[in-house]
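Chain and residue survey
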Amino acid sequence: MANNSDIITIDNLEAQLPPWDPVGPRHIFALVDMGSNGIRFSISDLTPSHARLLRCIYSERAPISLFDALSSSSSNDAPGDGHNQQPLSFPPETITEVSQTVARFRRIADSYHVPLAHFSVLATEAMRRASNAPAMVDAIRASAGVSVHVLAPAVETLFGAVMGSRSNLVDVCHGGLFLDLGGGSVQMTWVDTRLPAYEVAAATAGESMPFGAARLIKLLEGSSAEVRAMETTKMRTSMRAAFAKMCNQFPALNDSIEALKANRAEAEGHCRGIDVYLCGGGFRGYGCMLMHSDPIQPYPIPSIGTYTVPGEYFKQVDTMRRLNVEHKGKIHGMSSRRRHQFPAIAEVVEALIDTVPWIRTVTFCAGSNRDGALYMKLPKPIRESNPLEVLAGNSPSDMSVVQTVLRTLSSAVPTDVDLSNTPTIFSLGLGPLFVRQIWARQGENNRANASYALHEAVTRDPGVPGLTHLARSVLGLTVCARWGTKLGSTDDQLRKNLRGLLGRVDADAVFWADYLGAVSAIIVGIHPAWPRPDDTMALILNFEAALDQTKKGRDRINLTVRVSPDTARGLDTESLLGRLDKVLKKNKTSDKRVKVRIEEMGR
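The text that follows walks through the structure, step by step, so that each part is easy to find. Since we're looking at a predicted model, the values are computed, not measured. (Residues numbered from 1 in each chain as written. Predicted model: local features only at pLDDT ≥ 70, side-chain atom pairs only at ≥ 80, totals over all residues. Heavy atoms only, no water.)

1. What about the environment of Phe-29?
Summarising the element assignment, Phe-29 is placed in strand S2 (residues 28–34). Look at Phe-29 and you get buried, because its relative accessible area is 5%. Not counting chain neighbours up to four residues away, the residues in contact with Phe-29 comprise Trp-20, Ser-42, Ile-43, Ser-44, Leu-46, Val-114, His-118, Leu-374 and Lys-377. (Helix = DSSP H or I, 4+ residues; strand = E, 2+ residues; numbered from the N terminus. Buried < 20%, exposed > 50% of the residue type's maximum accessible area, 1.4 Å probe, protein only. Contact = heavy atoms within 4.5 Å.)

2. Here we look at the sheet that holds strand S10 (residues 274–279)
The 6 strands lie next to each other as S9-S8-S7-S10-S12-S11, forming an open sheet whose pairing is mixed. Looking at the sheet topology across the chains shown, the edges are occupied by strand S9 (207–209) and strand S11 (307–310). Each strand axis lies, on average, 20° off the axis of its neighbour in the sheet, ignoring direction. Strands in contact with helix H7 (residues 198–205) are strand S8 (186–191) and S9; relative to S8, the strand with the most contacts, it is inclined by about 140°. (Pairing = 2+ DSSP bridges. Axes fitted to C-alpha atoms, helices over the stretch in contact; angles between N-to-C directions.)

3. Digging into the pattern of salt bridges
A full pass over the atoms with the stated rule returns 35 salt bridges. Here Arg-321 makes a salt bridge to Glu-350, at a shortest N to O gap of 3.1 Å. Separated by 29 residues along the polypeptide, Arg-321 in helix H14 (residues 317–326) and Glu-350 in helix H15 (residues 336–355) bring together distant segments of the chain. Taking the relative accessible area as the measure of exposure, Arg-321 reaches 23% and is therefore partly exposed. Of the charged contacts, one joins Asp-461 and Arg-460 as a salt bridge, the two residues approaching to 2.9 Å between their closest N and O atoms. Ionic contacts of the salt-bridge type, sharing partners, join the residues Arg-236, Asp-318, Arg-321, Glu-347 and Glu-350 into one network. (Salt bridge = Lys/Arg side-chain N within 4 Å of Asp/Glu carboxyl O.)

4. A few points about the sheet that holds strand S6 (residues 149–151)
Pairing is mixed across the open sheet formed by 6 strands, whose spatial order is S1-S6-S5-S2-S3-S4. Pairing within the sheet leaves two strands with one partner each, and these edge strands are strand S1 (7–8) and strand S4 (55–62). The sheet contact formed by S1 and S6 spans 2 bridges and is parallel. When the bridges of S6 are listed, Ile-8 appears paired with Leu-151. The strands that helix H16 (residues 369–377) touches are S2, strand S3 (39–45), S4, strand S5 (119–123) and S6; relative to S2, the one it contacts most, it runs at about 140°.

5. Topic: the side chain of Thr-232
Take Thr-232: it is sitting in helix H9 (residues 225–249). Overall, Thr-232 belongs to the buried group, its relative accessible area being 16%. The contact partners of Thr-232, leaving out residues within four places of it in the chain, are Leu-220 and Glu-347.

Set out below in structure tokens:
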């Protein structure tokens, strides 16, 4: 076990890892994450103008399993199984390999001019268990000239399960169950951003259970049937106890559970339930297996980060087990080591399902200790800011224009239509990004721009916070609709799959993506240049929208486009209105109809 002075706790966190200084001379940070399954190294740019994005400018992974090295120090069963009474320690060759690897990372950091004070080494479960952890710490200090900080379980929960995952999301205001599955342990906690100091509350309430994927696979493969049954039962008991603790400490969660118990029909109808957020390599491996067999094929977004599935699909554990055994080819995102550990991962997933039967959605998060540690360096106003606004990069004068355009666009939505719970550019905070794109690339033809919009939404800024799979779908489809959705067969398939992804969350959202994109084309057709900040747009263009029904009982939006007399002169109204018709005629997923006309102001 590491010396007490090397342990980072919630109480000494700021002293051990000094916070980010916005006026400091350098904002480049290097971080080594000594996990149980591998050692990850990254260099990140926290320049004040985009600190919230946690931009990673270099990353590398050393395939050194500290857990395997720790296990090999004994010929008995895996660490902590109740039969191994010998002290657990790292072999000398592992200590040498790790210290030399960290020294190499230090040299890379020096080449990026990372200040020594900004170089951090974090260690987790394996270092907490090793009896000779001080020898590892001393070797790293001698070889690389840096200290090692061993994370207490609560801090590992804070960095990984809580803030590592939270950093990738815009908001979790209604609360969610967060879990992190590493090689040596699994953490569970409840995160509700409505609570004061919610991150500390979640970390201190969190439970760390010694059932990581690396440890569990050794038990499953190297123990008797009796020991395997005993350990899996122990894991399920631990997980149920951890969840009961969450319910006791967080009244909102307890109230939700009691309501679900009282109305099982509603719970089983998937109208309500618990939203679960999973991080760590083990859970991401399960997510990759789900994505590989997702009903939407080919699945349009390559990253596992923010991949969200319904609870019922998540629960198909036996199907995923069979896929892991029967599929001999490559599964995207799954290493051979992760495939080998999959039976253990499946056991953890089943324990979770057994503990929380009312799972509504599951989101797989790309965040890690690296993201959480960096995120906690930032002051709370930056942490809680919308990363999508930072990504848009609008100046204050540009934001004035953006707000004007969004007000104009929102006036094309009837006032008696509530879109607050429908995924759109408004509800997902995508407005600043969207407005930036609708005037761009006007020198290209519409088909090229429609294709570009879809592909950019899928591939741009990989791993950036806030651009979830849902957000990428909404942004790509809405910008594509701005250009008319005339596509070749390959791009049309991509559009179809993005619509499928969005439609399984909310079928109505597909219509609104098309509608708002087509209306934005009308805005640009009338105002073809980026507007000035003096709010002149309202003088030449405004919308009025009302909702009624057709004779067949379908909802119909009556959209009136009013333009100034000067703007109306020479305006090709037929072509302008045709943009809306061409997009909406292709929308086969909605019964909504749109009737649009153009009038001169003052008439």
